[in-house]
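Commentary on secondary and tertiary structure
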Protein chains: 2
Amino acid sequence: MHPRYALVTNQLKKHQIRLSDRRLKILECLCYNLEHPTVDQIYVNLHKEIPTLSKTTIYNTLHTLAELGLIRIINIEDNKTRYDIITESHGHFKCQTCGSIFNFEVDLKFFATDELSGFKIMERNLYFKGICQECLLNKND
Amino acid sequence: MHPRYALVTNQLKKHQIRLSDRRLKILECLCYNLEHPTVDQIYVNLHKEIPTLSKTTIYNTLHTLAELGLIRIINIEDNKTRYDIITESHGHFKCQTCGSIFNFEVDLKFFATDELSGFKIMERNLYFKGICQECLLNKND
DNA sequence: ATTTAAAATTGTAATGATTACAATTTTATT
DNA sequence: AATAAAATTGTAATCATTACAATTTTAAAT
Ligand SMILES: [Mn+2]
Ligand SMILES: [Mn+2]
Ligand SMILES: [Zn+2]
Ligand SMILES: [Zn+2]
């Protein structure tokens, strides 16, 4: 069993949220698709296995998980939201050529600045955009 | 005349983009509304003065400015895009209570990490969310 | 085992920001 | 004045997300 799966299901139990079939499948999808899937990508992924799955259920489940801080919402794109099972501090790089979103290590947990003294910081996101290594190499051929 | 207005109009001239009435008014709006306005907010702001202004024109103008790197696109929210006339490196804090978006100083220009070596970084954004000082004070009364 | 109420899921319709696009107007050039 | 290119407008289309009522599933109570 995936370690994050265990972690999240424990938290759900603790908050008395049922470990329904749908929720567990959506969670599994997030654990094994680390490419920051959209709702639609999750839907397509699960559709073969669960043809009756509704997109509304995916939205509901993701909202539930996000409210408990068990997943992270990624607004690096303007049109659609992406979801990340990794909640520990890290940065994101979006390639504007191939669309991939890469993780990179960066610890923002203790970032502080005078200008925000007196503010309660609850979420920190670092987003980069550009062209990934592979796409740069493909350009010169 | 606002210094950023001068700067941007010069750049537009340089790129042979006409300094039309609409474009200049939208630009002026961005210079004096530093609250990271949405398309709708710009529209409402200018509607009294220019009742015939079309939202499409606002979208077109903002796209033009963004393509030239003269304004910055802010995707801190999931549903709507915000625009920022300040293109120099700085971070954003969104208050989840009052909705305001604050700037804070942070220089990401020279941020580097091994994981992104070989990547071409073209945009860097640091977004925080939480509760602003004023909203925190209002809570305890 | 039945009954019952709460929770979860589904499907459809509504919302709302953004885009596409054709028609019209404005601007610069000849 | 004629012409072509650029800019603007308004409407319709797109598409992700949300609202919501109907249905199904689950857990607890009898
Ligand atoms: Mn990530
Ligand atoms: Mn700003
Ligand atoms: Zn790429
Ligand atoms: Zn506030």
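Treat the numbers as computed from the prediction; the structure is a model and nothing was measured. (Residues numbered from 1 in each chain as written. Chains lettered and ligands numbered in written order. Predicted model: local features only at pLDDT ≥ 70, side-chain atom pairs only at ≥ 80, totals over all residues. Heavy atoms only, no water.)

Description of the packing of aromatic side chains
Applying the stated criterion to the full structure yields 13 aromatic pairs over all chains. Between F111 of chain A and F128 of chain B, the aromatic rings sit 5.5 Å apart at their centres with planes inclined by 85°, giving edge-to-face as the arrangement. On the criterion of chain membership, the pair formed by F111 of chain A in the loop between strand 4 (101-105) and strand 5 (120-131) and F128 of chain B in strand 5 (residues 120-131) is interchain, its members lying in two chains. Exposure remark for F111 of chain A: the relative accessible area of 24% places this residue in the partly exposed category. Under the relative-accessibility criterion, F128 of chain B is labelled buried at 0%. When the ring of F119 of chain A is compared with that of F102 of chain B, the centres are 5.1 Å apart and the planes differ by 85°; the resulting orientation is edge-to-face. With F119 of chain A in the loop between strand 4 and strand 5 and F102 of chain B in strand 4 (residues 101-105), this residue pair bridges two chains. A cation over an aromatic ring shows up here: R124 of chain A above the ring of F128 of chain B, its NZ or CZ 5.4 Å from the ring centre. (Phe/Tyr/Trp six-rings, centres within 6.5 Å; stacked < 30°, edge-to-face > 60°. Helix = DSSP H or I, 4+ residues; strand = E, 2+ residues; numbered from the N terminus. Buried < 20%, exposed > 50% of the residue type's maximum accessible area, 1.4 Å probe, protein only. Lys NZ or Arg CZ within 6 Å of the ring centre and 35° of its normal.)

Observations concerning the protein's contact with DNA strand D
Neighbouring DNA strand D are 17 residues; Y59 and T81 of chain A together with S20, R22 and T57 of chain B lie closest to it. Taking all atoms of DNA strand D within 4 Å of the protein, the share assigned to sugar and phosphate is 76%. In this structure, a phosphate oxygen belonging to DNA strand D sits 3.2 Å away from a side-chain N or O atom of H63 of chain A. In this structure, a phosphate oxygen belonging to DNA strand D sits 3.1 Å away from a main-chain N or O atom of T52 of chain B. Those elements giving two or more residues to the surface near DNA strand D turn out to be helix 4 (55-67) of chain A together with helix 2 (21-32) and helix 4 (55-67) of chain B. For the surface near DNA strand D, the residue count by class is 2 nonpolar, 10 polar and 5 charged. (Near = heavy atom within 4 Å. Polar contact = N/O pair within 3.5 Å; in protein donor to acceptor, adjacent residues only side chain to side chain. Nonpolar A, V, L, I, M, F, W, Y, C, P; charged D, E, K, R; others polar.)

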